Amino acid sequence: MKKIISLTLLTAAALSFFSCSKKESSKVLKVGATPEPHAEILNLVKDDLAAAGYTLEVIEFTDYVTPNDALESGQIDANYFQHLPYLNSFNSEKGYHLVNAGGIHIEPIALYSKKFSSLAELKNGSTIAIPNDPTNEGRALLLLQAASLITLKADAGVTATTLDITSNKLNLKFREIEAASLPRVLADVDAAIINGNYAIPAGLSATKDGLIVEGADSPYVNVIAVKDGNADKDSIKALVSALQTKKVKDWISSKYPNGEVVPTF
């Protein structure tokens, strides 16, 4: 009887040990992302990361501030929603220490309208809604400058604001609005410049619906962001490697055949 009890206890202990070992061998990797296309792309590589020993937990955010706050505070291990100019601007403004661990794709920003079907239809005094965060506002204004609608100060660059406009031939009026809200106000203004990750869920295609579309040479690559010092961690390298694959490239090309999302690897 004693032998049977001992064997039972030994078996239970062994099962407990192997159960704990299994949990320890699969490390949880928490990554914040906006829903489309970022979270979708991350979910695509869950099995690949599992094979490498990591359980990918995708945490969705609907704004551009909270995921960086969560990353800086250590609540998540990485995030995937922003381009490098925005990341650099956020660090400068907040005193954060976030870095680029790898570029994945570009989402061309575009000017959309429910009232006009071409750029030539814009009228004198038309109201244009633009993102109100520093780098995306600058990005929007640079797009308008590329279309010869406005002229900016020579040194304005990616952080340009409406105060940097030196010429405005149509006397365009601007409403600075949080990027996530731009699709919802599109019907209330003459046109709006909307980021791809908010345009896509709203059913807008840059190449089909955009009156002006950012060129393929855009420097606004969406990146995997991590805290400074963590880019060389095995888990982060595994994440970037899983994303920079033919599998992901083919999925993007299939899901967004009109160029709403463009791989950069």
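Everything numeric in this text was worked out from a predicted model, so none of it was measured.

Enquirer: I'd love a proper account of the overall build of the protein chain, names of residues and values included.
Expert: Within the protein chain one finds eleven helices and 13 strands. Computed over its C-alpha atoms, the radius of gyration of the protein chain comes to 23 Å, more than 25% above the 18 Å expected for a compact globule of 265 residues. The C-alpha extent of the protein chain, read off along each of the three principal axes, is 95 × 40 × 30 Å. Each of the 265 residues in the protein chain was classed as buried or not, and the buried ones make up 46%. Taking the contacts inside the protein chain whose residues are at least 6 apart along the sequence as the reference set, 74% of them involve residues at least 24 apart.

Enquirer: Could you give an account of the pattern of salt bridges, with specific residues and numbers?
Expert: A full pass over the atoms with the stated rule returns seven salt bridges. Linking E36 and K255 is a salt bridge whose minimum nitrogen-to-oxygen distance equals 3.9 Å. One end of the pair, E36, is in helix 2 (residues 35–44); the other, K255, is in helix 11 (residues 246–255), and 219 residues separate them in sequence. Judged by relative accessible area, which is 17%, E36 ranks as buried. Residue K255 is classed as partly exposed on the basis of its relative accessible area of 35%. A salt bridge links D164 to K153; the shortest N-O distance between them is 3.9 Å. Within this pair, whereas D164 is found in the loop between strand 7 (150–152) and strand 8 (165–168), its partner K153 is found in the loop between strand 7 and strand 8, the two being separated by eleven residues in sequence. Look at the salt bridges and you will find they share partners, linking E36, E40 and K255 into a network.

Conventions and cut-offs
- Residues numbered from 1 in each chain as written.
- Predicted model: local features only at pLDDT ≥ 70, side-chain atom pairs only at ≥ 80, totals over all residues.
- Heavy atoms only, no water.
- Helix = DSSP H or I, 4+ residues; strand = E, 2+ residues; numbered from the N terminus.
- Rg over C-alpha atoms; globule rule 2.2 N^0.38 Å.
- Buried < 20%, exposed > 50% of the residue type's maximum accessible area, 1.4 Å probe, protein only.
- Contact = heavy atoms within 4.5 Å.
- Salt bridge = Lys/Arg side-chain N within 4 Å of Asp/Glu carboxyl O.

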